[in-house]
2 protein chains.
Amino acid sequence: MKIGELSRATGTNIETIRYYERIGLLPAPDRTAANYRSYGDAHRSRLSFVRHSRDLGFTIEEIRSLLDLSDDPARDCGEADRIATAHLEQVQAKIAQLTLLRDELARIVGRCRGGVAADCRVIEALGDHRHCESPH
Amino acid sequence: MKIGELSRATGTNIETIRYYERIGLLPAPDRTAANYRSYGDAHRSRLSFVRHSRDLGFTIEEIRSLLDLSDDPARDCGEADRIATAHLEQVQAKIAQLTLLRDELARIVGRCRGGVAADCRVIEALGDHRHCESPH
DNA sequence: TATGCACCCTGTAGCAACTACAGGGTCAAG
DNA sequence: CTTGACCCTGTAGTTGCTACAGGGTGCATA
Ligand SMILES: [Zn+2]
Ligand SMILES: [Zn+2]
Ligand SMILES: [Zn+2]
Ligand SMILES: [Zn+2]
């Protein structure tokens with residue numbers, strides 16, 4: 001499989017595939033006589049793993065650890081669980097933070113009654129956190 | 001006010017203040033004889049506006065537009081409202097996306113029963129989106 | 001045979017919004 | 001007169017890509 005085919009098979013940008021190789025996330029594949037990268041099924045499933053994990057919001061470093069783990073099938077999977085749980089907690093924290101933000105923004109946006117910038121409650125609210133009702 | 005004092009007054013990193021000046025978000029202040037930046041109240045409140053808007057998740061470019069608007073108090077404030085509303089919608093979209101993610105991650109994490117990596121349901125789920133119940 | 005076109009290669013630079021030095025200058029206190 | 005806190009400029013690093021520039025390869029068609 002050449003890089004374009006792998007790209008289509010996994011929905012990954014070609015430049016991104018080369019980038020993953022450069023940072024050591026994907027192993028360098030064999031080359032054809034014309035120096036084209038030549039991938040097999042193992043590459044495809046590894047890249048799918050990476051893409052899916054990225055879609056789920058894991059960082060490259062987390063994915064690196066997860067791949068190390070799955071490359072070594074006899075190891076205890078506790079670390080995978082720890083990484084995934086920590087990530088879940090981060091997502092929950094982010095949701096909580098964005099929810100505060102959303103409420104505050106909704107309050108701010110709701111204050112605008114039109115008119116000139118000098119009288120705008122939105123601009124006023126942005127300039128001074130003391131107008132806020134939440135910490136954010 | 002020297003830069004360290006402005007930094008403390010607004011809770012902004014000194015490097016960040018200089019960065020904002022470099023990108024034209026804050027006007028270059030006067031200098032002392034020793035070539036130190038010397039700020040006044042106008043700088044302080046402009047920087048507070050920037051920091052607060054950043055805390056609320058606005059991008060630098062959005063903040064630039066908002067500052068332009070508030071620099072020109074006779075202008076209609078409709079654009080401020082549009083920027084803030086668009087931003088609110090983005091935050092809402094992000095929350096929705098993260099909520100899907102959170103649910104999917106919770107399902108994945110919940111599957112791990114311990115054991116070796118080869119049998120780990122977490123690693124399996126990360127490798128294949130077909131195990132997912134939501135699109136994310 | 002030429003030539004067009006799709007595809008591949010490397011290497012580098014750009015994005016957002018900072019942050020972190022390196023390598024220097026200034027100033028007041030002890 | 002030296003120590004330490006502060007300030008300066010300029011550059012490079014961070015994350016996770018993405019976008020070229022400037023070239024090579026391979027196959028079909030005129
Ligand atoms: Zn308004
Ligand atoms: Zn606030
Ligand atoms: Zn497990
Ligand atoms: Zn999935």
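Residues numbered from 1 in each chain as written. Chains lettered and ligands numbered in written order. Predicted model: local features only at pLDDT ≥ 70, side-chain atom pairs only at ≥ 80, totals over all residues. Heavy atoms only, no water.

**With respect to the domain arrangement of chain A**
By a frequent convention, interface size equals the accessible area lost on bringing the separate parts together.
All names here are of chain A.
Inference 1: What the domain assignment lists for chain A is domain 1 (1-75) and domain 2 (79-136).
Inference 2: Counting from both sides, the interface comprises 8 residues of domain 1 and, opposite them, 5 residues of domain 2.
Inference 3: Summing both partners gives a buried area of about 580 Å² for domain 1 against domain 2, and 67% of it is carried by carbon and sulfur.
Inference 4: Ranking the residues of domain 1 by area buried against domain 2 places Phe 58, Glu 62 and Leu 69 at the top, with a combined share of 54%. (Domains from an automatic or database assignment. Contact = heavy atoms within 4.5 Å. Buried area = accessible area lost by both parts, 1.4 Å probe.)

**Digging into the coordination of the zinc ion (ligand 1)**
Inference 1: Distances from the zinc ion (ligand 1) to its protein donors, namely Cys 112 of chain A (SG), Cys 120 of chain A (SG) and Cys 77 of chain B (SG), fall within the range 2.2 to 2.3 Å. Here Cys 120 of chain A, found in the loop between α5 (78-110) and α6 (121-127), pairs with Cys 77 of chain B, found in the loop between α4 (60-70) and α5 (78-111), and the two come from separate chains.
Inference 2: Judged by its relative accessible area of 3%, Cys 120 of chain A is buried.
Inference 3: Residue class for Cys 77 of chain B comes out buried when judged on its relative accessible area of 1%. (Donors = N, O, S within 2.8 Å, 3.2 Å for Na, K, Ca; no water. Helix = DSSP H or I, 4+ residues; strand = E, 2+ residues; numbered from the N terminus. Buried < 20%, exposed > 50% of the residue type's maximum accessible area, 1.4 Å probe, protein only.)

**Quick look at the coordination of the zinc ion (ligand 2)**
Inference 1: Distances from the zinc ion (ligand 2) to its protein donors, namely His 129 of chain A (ND1), Cys 132 of chain A (SG), His 136 of chain A (NE2) and His 52 of chain B (NE2), fall within the range 1.9 to 2.2 Å.
Inference 2: Between the 4 donor atoms coordinating the zinc ion (ligand 2), the angles at the centre fall across 105 to 114°, so the site counts as tetrahedral.
Inference 3: Looking at His 129 of chain A, the relative accessible area reads 35%, which means it is partly exposed. (Tetrahedral: all angles 85-135°; square planar, octahedral: opposite > 155°, others 65-115°.)

**Examining the interface of chain B and chain A**
Inference 1: Listed as interface residues are 52 residues of chain B and, on the opposing side, 52 residues of chain A.
Inference 2: Summed over both sides, the interface between chain B and chain A buries roughly 4,000 Å², with carbon and sulfur atoms accounting for 79% of that surface.
Inference 3: For chain B, the biggest contributors to the area lost against chain A are His 52, Leu 56 and Leu 126 of chain B; these three give 16% of the whole.
Inference 4: Linking chain B to chain A there are 0 salt bridges.
Inference 5: Viewed at the interface, chain A and chain B are joined by 16 residue pairs in polar contact (both at pLDDT 80 or more).
Inference 6: Here the element with the most residues in the side of chain B that touches chain A is α5 of chain B; it accounts for 19 residues. (Salt bridge = Lys/Arg side-chain N within 4 Å of Asp/Glu carboxyl O. Polar contact = N/O pair within 3.5 Å; in protein donor to acceptor, adjacent residues only side chain to side chain.)

**Details of the protein's contact with DNA strand C**
Inference 1: Surveying the vicinity of DNA strand C reveals 21 residues, the closest of which are Gly 4, Arg 18 and Arg 37 of chain A together with Tyr 36 and Arg 54 of chain B.
Inference 2: Counted by atom, the contact set of DNA strand C within 4 Å of the protein is 75% sugar and phosphate.
Inference 3: The side chain of Thr 16 of chain B places a nitrogen or oxygen atom 3.0 Å from a phosphate oxygen of DNA strand C.
Inference 4: In terms of residue count, the dominant contributor to the surface near DNA strand C is helix α2 (residues 14-22) of chain B (5 residues).
Inference 5: Taken together, the residues that form the surface near DNA strand C break down as 8 nonpolar, 5 polar and 8 charged. (Near = heavy atom within 4 Å. Nonpolar A, V, L, I, M, F, W, Y, C, P; charged D, E, K, R; others polar.)

**Re the pattern of salt bridges**
Residues and elements named next belong to chain A.
Inference 1: If you walk through the whole model with that rule in mind, you get 24 salt bridges over all chains.
Inference 2: We note a salt bridge from Arg 107 to Glu 104, for which the minimum N-O separation is 2.9 Å. A residue pair is termed a helical-turn pair when its members lie 3 or 4 positions apart in one helix, as Arg 107 and Glu 104 do in helix α5 at 3 residues.
Inference 3: Relative accessible area serves as the criterion here: at 0%, Glu 104 is assigned to the buried category.

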